[in-house]
Amino acid sequence: MRFLFFLIVIGTYIMSGCGPLKNTENLNKVSLPDLGVAPELTNEIWLNTTVPLRLADLRGKVVLIEMWTFGCINCRNTIPSLITWHEKYSSEGLIIIGNHYPEFDYESDIENLKEAVEELNIPYAVTADNLGETWKAYDAHFWPTIYLIDKKGYLRYQHIGEGRYDETEKAIRSLLDE
(Lines give C-alpha, C1' and ligand atoms only; values in the text may rest on other atoms or scores of the structure.)
Protein backbone atom coordinates (compact mmCIF):
# COMPACT_ATOMS: atom_id res chain seq x y z
CA MET A 1 0.00 0.00 0.00
CA ARG A 2 2.82 2.41 0.85
CA PHE A 3 4.46 1.60 -2.46
CA LEU A 4 1.24 2.45 -4.34
CA PHE A 5 0.95 5.75 -2.42
CA PHE A 6 4.59 6.52 -3.26
CA LEU A 7 3.96 5.84 -6.96
CA ILE A 8 0.90 8.11 -6.98
CA VAL A 9 2.82 10.97 -5.31
CA ILE A 10 5.79 10.61 -7.67
CA GLY A 11 3.50 10.27 -10.69
CA THR A 12 1.57 13.40 -9.70
CA TYR A 13 4.84 15.30 -9.17
CA ILE A 14 6.13 14.34 -12.61
CA MET A 15 2.82 14.90 -14.40
CA SER A 16 2.29 18.35 -12.85
CA GLY A 17 5.60 19.63 -14.15
CA CYS A 18 6.99 20.24 -10.69
CA GLY A 19 10.29 18.65 -11.63
CA PRO A 20 13.46 20.65 -12.01
CA LEU A 21 13.42 23.33 -14.68
CA LYS A 22 15.34 22.31 -17.75
CA ASN A 23 15.12 25.62 -19.64
CA THR A 24 15.23 28.82 -17.63
CA GLU A 25 16.10 30.95 -20.65
CA ASN A 26 12.52 32.13 -21.26
CA LEU A 27 11.49 32.80 -17.65
CA ASN A 28 11.87 36.56 -18.03
CA LYS A 29 10.28 36.73 -21.48
CA VAL A 30 7.02 38.60 -21.67
CA SER A 31 4.31 37.86 -24.19
CA LEU A 32 3.44 41.20 -25.75
CA PRO A 33 0.47 41.61 -28.10
CA ASP A 34 0.62 43.38 -31.45
CA LEU A 35 -1.40 46.57 -30.90
CA GLY A 36 -1.02 47.80 -34.48
CA VAL A 37 1.37 50.07 -36.32
CA ALA A 38 2.61 52.94 -34.16
CA PRO A 39 1.57 56.37 -35.42
CA GLU A 40 4.45 58.39 -36.86
CA LEU A 41 5.83 61.33 -34.90
CA THR A 42 5.27 64.66 -36.65
CA ASN A 43 6.44 67.04 -33.92
CA GLU A 44 8.78 69.84 -34.98
CA ILE A 45 10.12 71.13 -31.64
CA TRP A 46 12.66 68.79 -30.04
CA LEU A 47 15.02 69.04 -27.08
CA ASN A 48 18.10 66.90 -26.35
CA THR A 49 18.46 65.91 -30.01
CA THR A 50 19.81 67.75 -33.03
CA VAL A 51 17.13 66.51 -35.44
CA PRO A 52 13.44 65.63 -35.15
CA LEU A 53 13.02 61.92 -34.50
CA ARG A 54 10.81 59.87 -36.80
CA LEU A 55 9.80 56.28 -36.14
CA ALA A 56 10.55 55.39 -39.76
CA ASP A 57 14.19 56.33 -39.08
CA LEU A 58 14.25 54.30 -35.85
CA ARG A 59 13.42 50.88 -37.34
CA GLY A 60 15.62 48.27 -35.70
CA LYS A 61 15.38 50.12 -32.37
CA VAL A 62 12.93 49.70 -29.51
CA VAL A 63 11.19 53.01 -28.83
CA LEU A 64 9.60 54.05 -25.56
CA ILE A 65 7.29 57.06 -25.82
CA GLU A 66 6.05 58.64 -22.64
CA MET A 67 3.14 61.05 -22.74
CA TRP A 68 3.91 63.52 -19.99
CA THR A 69 3.69 67.09 -18.83
CA PHE A 70 6.14 68.73 -16.45
CA GLY A 71 3.48 70.02 -14.05
CA CYS A 72 2.21 66.50 -13.35
CA ILE A 73 3.67 64.94 -10.18
CA ASN A 74 2.92 61.43 -11.43
CA CYS A 75 4.89 62.19 -14.59
CA ARG A 76 7.78 63.51 -12.53
CA ASN A 77 7.74 60.33 -10.46
CA THR A 78 8.30 58.17 -13.56
CA ILE A 79 11.33 60.13 -14.77
CA PRO A 80 13.94 58.40 -12.54
CA SER A 81 12.97 55.03 -14.06
CA LEU A 82 13.08 56.46 -17.58
CA ILE A 83 16.55 57.87 -16.92
CA THR A 84 17.71 54.52 -15.52
CA TRP A 85 16.39 52.67 -18.59
CA HIS A 86 18.00 55.23 -20.88
CA GLU A 87 21.35 54.72 -19.18
CA LYS A 88 20.99 50.94 -19.00
CA TYR A 89 19.56 50.12 -22.44
CA SER A 90 20.31 52.92 -24.92
CA SER A 91 23.52 51.15 -25.96
CA GLU A 92 21.39 48.05 -26.73
CA GLY A 93 18.98 49.96 -28.97
CA LEU A 94 16.38 51.58 -26.67
CA ILE A 95 15.32 55.08 -27.68
CA ILE A 96 13.27 57.04 -25.14
CA ILE A 97 11.13 59.96 -26.24
CA GLY A 98 9.25 62.21 -23.86
CA ASN A 99 6.20 63.56 -25.70
CA HIS A 100 5.28 66.68 -23.72
CA TYR A 101 1.61 67.49 -24.08
CA PRO A 102 0.70 70.42 -21.78
CA GLU A 103 -2.28 70.32 -19.48
CA PHE A 104 -2.08 74.02 -18.52
CA ASP A 105 -1.11 77.16 -20.44
CA TYR A 106 2.20 77.73 -18.61
CA GLU A 107 3.32 74.23 -19.65
CA SER A 108 2.99 75.13 -23.33
CA ASP A 109 5.72 77.80 -23.06
CA ILE A 110 8.82 76.24 -24.64
CA GLU A 111 11.15 78.11 -22.26
CA ASN A 112 9.32 76.58 -19.30
CA LEU A 113 9.67 73.15 -20.90
CA LYS A 114 13.40 73.71 -21.45
CA GLU A 115 13.82 74.71 -17.80
CA ALA A 116 11.91 71.62 -16.62
CA VAL A 117 13.99 69.28 -18.81
CA GLU A 118 17.17 70.83 -17.40
CA GLU A 119 15.90 70.82 -13.79
CA LEU A 120 14.83 67.17 -14.06
CA ASN A 121 18.16 66.19 -15.70
CA ILE A 122 16.38 64.46 -18.57
CA PRO A 123 19.03 63.07 -20.94
CA TYR A 124 16.73 61.56 -23.59
CA ALA A 125 14.86 63.27 -26.42
CA VAL A 126 11.84 65.39 -25.52
CA THR A 127 9.39 66.84 -27.99
CA ALA A 128 6.82 69.59 -27.52
CA ASP A 129 3.35 68.45 -28.58
CA ASN A 130 1.49 71.68 -27.82
CA LEU A 131 -1.24 70.99 -30.39
CA GLY A 132 -1.67 67.44 -29.15
CA GLU A 133 -1.14 65.82 -32.54
CA THR A 134 0.92 62.91 -31.20
CA TRP A 135 -1.23 62.70 -28.06
CA LYS A 136 -4.33 62.29 -30.24
CA ALA A 137 -2.65 59.93 -32.73
CA TYR A 138 -1.86 57.56 -29.85
CA ASP A 139 -5.35 58.06 -28.39
CA ALA A 140 -3.82 59.04 -25.06
CA HIS A 141 -6.10 60.24 -22.29
CA PHE A 142 -3.91 60.28 -19.18
CA TRP A 143 -0.54 61.52 -17.96
CA PRO A 144 1.74 59.65 -17.78
CA THR A 145 1.24 56.93 -20.37
CA ILE A 146 4.10 54.78 -21.63
CA TYR A 147 4.08 53.08 -25.03
CA LEU A 148 6.64 50.57 -26.27
CA ILE A 149 7.22 50.17 -29.98
CA ASP A 150 9.09 47.17 -31.34
CA LYS A 151 11.92 47.15 -33.87
CA LYS A 152 9.46 46.86 -36.76
CA GLY A 153 7.38 49.87 -35.70
CA TYR A 154 4.47 48.11 -33.98
CA LEU A 155 2.93 49.13 -30.67
CA ARG A 156 3.45 46.27 -28.24
CA TYR A 157 2.88 47.66 -24.74
CA GLN A 158 1.00 50.43 -22.99
CA HIS A 159 0.95 51.41 -19.34
CA ILE A 160 -1.07 54.26 -17.85
CA GLY A 161 0.08 55.96 -14.67
CA GLU A 162 2.94 55.35 -12.28
CA GLY A 163 4.19 51.98 -11.15
CA ARG A 164 4.69 48.60 -12.77
CA TYR A 165 8.31 49.53 -13.36
CA ASP A 166 9.48 45.91 -13.18
CA GLU A 167 6.79 44.87 -15.67
CA THR A 168 7.74 47.69 -18.04
CA GLU A 169 11.43 46.85 -17.79
CA LYS A 170 10.70 43.19 -18.56
CA ALA A 171 8.75 44.34 -21.63
CA ILE A 172 11.68 46.53 -22.71
CA ARG A 173 14.08 43.64 -22.21
CA SER A 174 11.83 41.27 -24.14
CA LEU A 175 11.54 43.65 -27.11
CA LEU A 176 15.29 44.26 -27.16
CA ASP A 177 15.84 40.50 -27.24
CA GLU A 178 13.51 39.97 -30.23
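A brief structural summary. In this text the structure is predicted, and so the values were computed from the model without any measurement.

## Looking at the packing of helix H2 (residues 73–89) against helix H5 (residues 165–177)
Viewed as axis vectors pointing N to C, H2 and H5 meet at an angle of 25 degrees, and their least axial separation amounts to 12 Å. In terms of orientation, H2 and H5 fall into the roughly parallel class. Between H2 and H5 the crossing geometry is right-handed. Residues Asn77, Thr78, Ser81, Trp85, Lys88 and Tyr89 of H2 form the contact with H5, whose participating residues are Tyr165, Thr168, Glu169, Ile172, Arg173 and Leu176. For the contact of H2 with H5, a count of residues per class yields 5 nonpolar, 4 polar and 3 charged.

## Here we look at the sheet that holds strand S4 (residues 125–128)
Across the sheet, which stays open at both edges, the 6 strands sit in the order S1-S4-S3-S2-S5-S6 with mixed pairing between neighbours. The sheet is open, and its two edges are formed by strand S1 (45–47) and strand S6 (155–160), each paired on a single side. For this sheet, the mean inter-axis angle between neighbouring strands, taken without regard to orientation, is 20 degrees.

## Let's talk about the nonpolar core
In this structure, Leu64, Trp68, Trp85 and Leu94 are the most contacted members of the largest nonpolar core, which totals 30 residues. Secondary-structure elements contributing two or more residues to this core are strand S2 (62–68), H2, strand S3 (94–100), helix H3 (110–119), S4, strand S5 (145–149) and H5. Core analysis: the second largest hydrophobic core is formed by 18 residues, Tyr101, Tyr138, Tyr147 and Ile149 among them.

## Concerning the packing of aromatic side chains
To describe a pair of aromatic rings, one takes the distance between the centres and the angle between the planes. Taken as a whole, this structure holds 7 aromatic pairs when the rule is applied. Judged by centre distance (6.0 Å) and plane angle (15 degrees), the ring pair of Tyr101 and Trp143 falls under stacked. Of this pair, Tyr101 sits in the loop between S3 and H3 while Trp143 sits in the loop between helix H4 (133–137) and S5, and the two are 42 residues apart along the sequence. What makes Trp143 partly exposed here is its relative accessible area of 22%. Put simply, the rings of Phe70, Phe104 and Tyr106 pair up and form one aromatic cluster.

## What about the pattern of salt bridges?
Counting across every chain of the model gives 8 salt bridges. Where Glu92 meets Arg173, a salt bridge forms, and the shortest distance between an N and an O atom there is 2.8 Å. With Glu92 in the loop between H2 and S3 and Arg173 in helix H5, this pair connects stretches of sequence that are 81 residues apart. Since its relative accessible area comes to 25%, Arg173 is described here as partly exposed. Several salt bridges share partner residues, and in doing so they unite Glu92, Arg173 and Asp177 into one network.

## A closer look at the pairing of S5
If a strand is regular, its side chains alternate between the two faces of the sheet. Of all 5 residues that make up S5, 5 are buried, and the element is covered over most of its length. In this sheet, S6 lies alongside S5 in antiparallel orientation, the contact comprising 5 bridges. Paired with Ile146 across the bridge in S6 is His159. Counted along the chain from S5 to the antiparallel partner S6, the turn is 5 residues long, and its residue Gly153 has a positive phi close to 95 degrees.

## Re H2
Between its first and last C-alpha, H2 extends 25 Å over 17 residues, near the 24 Å set by a 1.5 Å rise per residue. Ile79 marks the point of greatest bend in H2, at about 30 degrees, and the proline Pro80 comes within the next four residues. At its buried positions, H2 is contacted by S2, S3, S5 and H5.

## With respect to unusual backbone geometry
The amide bond that connects Trp143 to the next residue, Pro144, takes the cis arrangement and shows omega of -20 degrees. Its place among the elements puts Pro144 in the loop between H4 and S5. For Asn121, which is not glycine, the phi torsion reads 55 degrees and is therefore positive. With respect to the helices, strands and loops of the structure, Asn121 is situated in the loop between H3 and S4. Look at Asn121 and you get exposed, because its relative accessible area is 57%. Its identity is not glycine, yet Arg164 carries a phi of approximately 55 degrees, on the positive side. Tracing the sequence through the fold places Arg164 in the loop between S6 and H5.

Calculation notes
- Per chain, the residues get numbers from 1 upward, laid out in the order the sequence is written.
- Two thresholds apply to this predicted model, a pLDDT of at least 70 for residue-level local features and 80 or more for giving and counting side-chain atom pairs, whereas whole-chain, interface and lining totals are computed over all residues.
- Side-chain numbers come from the whole structure's heavy atoms, not from hydrogens or water.
- Axis geometry follows a simple rule: fit a line to the C-alpha atoms, using only the stretch in contact for helices, then measure angles between N-to-C directions, giving values from 0 to 180 degrees.
- Helix numbering and strand numbering both begin at the N terminus, where a helix is a DSSP run of H or I of at least 4 residues and a strand a DSSP run of E of at least 2.
- With respect to orientation, any angle under 35 degrees is reported as roughly parallel, any angle over 145 as roughly antiparallel, any angle of 65 to 115 as roughly perpendicular, and every other angle as oblique.
- Handedness of a crossing follows from how the near helix is turned relative to the far one, being left-handed for an anticlockwise turn of less than a right angle and right-handed for a clockwise one.
- By the convention used here, residues are in contact when the closest approach between their heavy atoms is within 4.5 Å.
- Polarity classes work like this: nonpolar for Ala, Val, Leu, Ile, Met, Phe, Trp, Tyr, Cys and Pro, charged for Asp, Glu, Lys and Arg, and polar for all others, with Gly in that last group.
- In this description, strands pair whenever DSSP reports at least two bridges between them.
- As used here, the term nonpolar core means buried Ala, Val, Leu, Ile, Met, Phe, Trp, Tyr and Cys residues forming a set that is joined through side-chain atoms within 4.5 Å.
- Exposure categories follow from relative accessible area, calculated using a 1.4 Å probe and restricted to protein chains: below 20% of the type maximum is buried, above 50% is exposed, and the middle band is partly exposed.
- Stacked, tilted and edge-to-face are the three classes assigned to paired rings of Phe, Tyr and Trp, where Trp is represented by its six-membered ring and a pair needs centres within 6.5 Å; plane angles under 30 degrees give stacked, over 60 edge-to-face, the rest tilted.
- Put simply, a salt bridge is a Lys or Arg side-chain nitrogen that is within 4 Å of an Asp or Glu carboxyl oxygen.
- To estimate how far a helix should reach, multiply one less than its number of residues by 1.5 Å.
- Note that bend, as reported per residue, equals the angle between axes fitted to the 7 residues terminating at that residue and the 7 residues originating from it.

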